[in-house]
Amino acid sequence: MNLYNTKTGFGLVSKLLHWLIALGIIGLIALGWWMVGLSYYDPWYNASLELHKDFGMVVLLLVFAKFCWQVANRPPGPGAGLKPWERKASHAMHWVLYVLMLAVPVTGYMITTAAGQGVSVFGLFEVPAILPQSETARELATDIHYYFSYGAIALILGHAGAALKHHFVDKDDTLIRMTWGKLTGR
Ligand code: HEM
Ligand code: HEM
């Protein structure tokens, strides 16, 4: 199995980053939705937010790692056999997903640090607040965090649905090259 991307396939590093980030984002949307519904007296009230921030910062780190990796090791072009409109649509969808995967954790960090306090990550270290205190910035960040994370559900469903349609209906390599391709020689 290749660590690096080739002209036609994703390497192990890109695959791991894709699936870890995907799992993280899906888990954090579920956790975020659950935690904001808890009452102040619920034993998970504070702990759930702390966990959300811990794992959210891990996702942010993974997204930075992904972007650096993509600059250093260019991803493959679109799969062979895609129609021109499918190439354009998947390119556009991937760009929207890139914006979301960066904007959601960055705005989470902004909500938390708008009061001037850093974010502690698993109690191991603290990421300092870099922006000046601002209630306007906090409100804007809260709105973007809310709309982008719930809006992502529709996009993720569309993206995953397209991948599954390629696999089961078109029977092409789209899903295979992001998963077990190369292991099986495809
Ligand atoms: C990809 C990563 C993330 C996703 C998908 C995500 C998703 C969500 C969701 C769905 C909510 C519930 C929104 C609502 O119903 O009001 C939420 C709330 C929240 N998130 Fe995140 N989040 C992420 C990262 C972060 C990070 C990194 C931080 C901070 C370091 C953070 C801080 C918060 C805070 C403070 C709230 C509560 C906002 C409020 O009280 O209205 N999130 N998040
Ligand atoms: C939060 C969830 C997800 C996000 C943010 C996401 C994002 C992306 C992005 C940006 C790409 C472009 C290649 C790259 O940058 O690595 C990509 C490719 C891909 N994703 Fe996802 N993805 C998610 C979930 C899923 C799921 C659940 C599936 C399958 C059921 C899936 C299947 C694929 C496949 C097959 C490709 C390769 C497409 C190609 O060959 O060009 N993704 N994804």
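Report on the accompanying structure. (Residues numbered from 1 in each chain as written. Chains lettered and ligands numbered in written order. Predicted model: local features only at pLDDT ≥ 70, side-chain atom pairs only at ≥ 80, totals over all residues. Heavy atoms only, no water.)

1. Quick word on the coordination of the iron atom of ligand 1
In the first shell of the iron atom of ligand 1, the protein supplies His52 (NE2) and His145 (NE2), at 2.0 Å from the metal. Bound by six donor atoms, the iron atom of ligand 1 shows angles of 84 to 179 degrees at the metal and therefore octahedral coordination geometry. Residue His52 is located in helix 2 (residues 45-72), and its partner His145 is located in helix 4 (residues 135-168); the two are separated by 93 residues in the primary sequence. The exposure class of His52 is buried, given its relative accessible area of 14%. Residue His145 is classed as buried on the basis of its relative accessible area, which comes to 17%. (Donors = N, O, S within 2.8 Å, 3.2 Å for Na, K, Ca; no water. Tetrahedral: all angles 85-135°; square planar, octahedral: opposite > 155°, others 65-115°. Helix = DSSP H or I, 4+ residues; strand = E, 2+ residues; numbered from the N terminus. Buried < 20%, exposed > 50% of the residue type's maximum accessible area, 1.4 Å probe, protein only.)

2. Let's talk about the site of ligand 1
Neighbouring residues of ligand 1: 24 residues in total, closest His52, Gly108, Thr112, His145 and Tyr150. In this structure, His145 approaches ligand 1 through a side-chain N or O atom, which is 2.7 Å from a nitrogen atom. Tyr150 places a side-chain nitrogen or oxygen 2.7 Å from an oxygen atom of ligand 1. Contributing elements (two or more residues each) for the shell around ligand 1: helix 1 (12-35), helix 2, helix 3 (84-113) and helix 4. Across the shell around ligand 1, the residue classes tally to 15 nonpolar, eight polar and one charged. (Near = heavy atom within 4 Å. Polar contact = N/O pair within 3.5 Å; in protein donor to acceptor, adjacent residues only side chain to side chain. Nonpolar A, V, L, I, M, F, W, Y, C, P; charged D, E, K, R; others polar.)

3. Thoughts on the packing of aromatic side chains
Under the counting rule described, the total for this entry stands at nine aromatic pairs. Arranged with centres 5.2 Å apart and planes meeting at 65 degrees, the rings of Tyr40 and Tyr45 form a pair that is edge-to-face. Residue classification places Tyr45 among the partly exposed residues on the basis of a relative accessible area of 33%. (Phe/Tyr/Trp six-rings, centres within 6.5 Å; stacked < 30°, edge-to-face > 60°.)

4. Remarks on helix 3
The end-to-end C-alpha separation of helix 3 is 44 Å, in line with the 44 Å expected for 30 residues at 1.5 Å each. If you check which residues of helix 3 are buried, you get Glu86, Leu97, Tyr98, Leu100, Met101, Ala103, Val104, Pro105, Thr107, Gly108, Tyr109 and Thr113. (Expected span 1.5 Å × (residues − 1).)

5. Section: the pattern of salt bridges
Applying the stated criterion to the full structure yields four salt bridges. Taking the shortest distance from any N to any O, the salt bridge between Arg138 and Glu135 comes out at 3.5 Å. Of the two residues, Arg138 and Glu135 are both situated in helix 4; the distance of three residues between them amounts to about one turn of the helix. Assessed through its relative accessible area of 46%, Glu135 is described here as partly exposed. (Salt bridge = Lys/Arg side-chain N within 4 Å of Asp/Glu carboxyl O.)

6. Some thoughts on the coordination of the iron atom of ligand 2
Bound to the iron atom of ligand 2 are the protein donor atoms His18 (NE2) and His159 (NE2), situated 2.0 Å from the metal. Considering all six donor atoms around the iron atom of ligand 2, the spread of angles at the metal, 87 to 179 degrees, places the coordination shape in the octahedral class. Taken together, the positions of His18 in helix 1 and His159 in helix 4 put the pair 141 residues apart, joining distant regions of the chain.

7. Side note on empty space enclosed by the protein
This model, assessed by the stated rule, comprises one cavity of 30 Å³ or more. Taken as a whole, the largest cavity spans an internal volume of roughly 40 Å³. As for the largest cavity, its lining consists of Met110, Thr113, Ala114, Leu131, Pro132 and Ala137. Per-class residue counts for the lining of the largest cavity are five nonpolar, one polar and no charged. (1 Å grid on protein atoms, 1.4 Å probe; cavity = no way out; pocket = protein on both sides within 12 Å on 5 of 7 lines; lining within 4 Å. Points joined across faces, edges and corners; volume = space filled by probe spheres on them.)

8. Examining the environment of Tyr109
Of note, Tyr109 is situated in helix 3. Since its relative accessible area comes to 10%, Tyr109 is described here as buried. Residues Tyr109 and Pro128, spaced 19 residues apart in sequence, show a C-alpha to C-alpha distance of 9.9 Å. In contact with Tyr109, other than residues within four places in its own chain, are Met57, Val119, Val127, Pro128, Ala129 and Ile130. (Contact = heavy atoms within 4.5 Å.)

9. Thoughts on the site of ligand 2
The immediate surroundings of ligand 2 are formed by 19 residues, with His18, Lys66, Tyr98, His159 and Arg177 found nearest. Side-chain polar atom of His18 to a nitrogen atom of ligand 2: 2.8 Å apart, as the coordinates give it. In the environment of ligand 2, an oxygen atom lies 3.1 Å from a nitrogen or oxygen atom belonging to the side chain of Gln70. Secondary structure elements with two or more residues in the shell around ligand 2: helix 1, helix 2, helix 3, helix 4 and helix 5 (174-178). Taken together, the residues of the shell around ligand 2 sort by class into 12 nonpolar, five polar and two charged.

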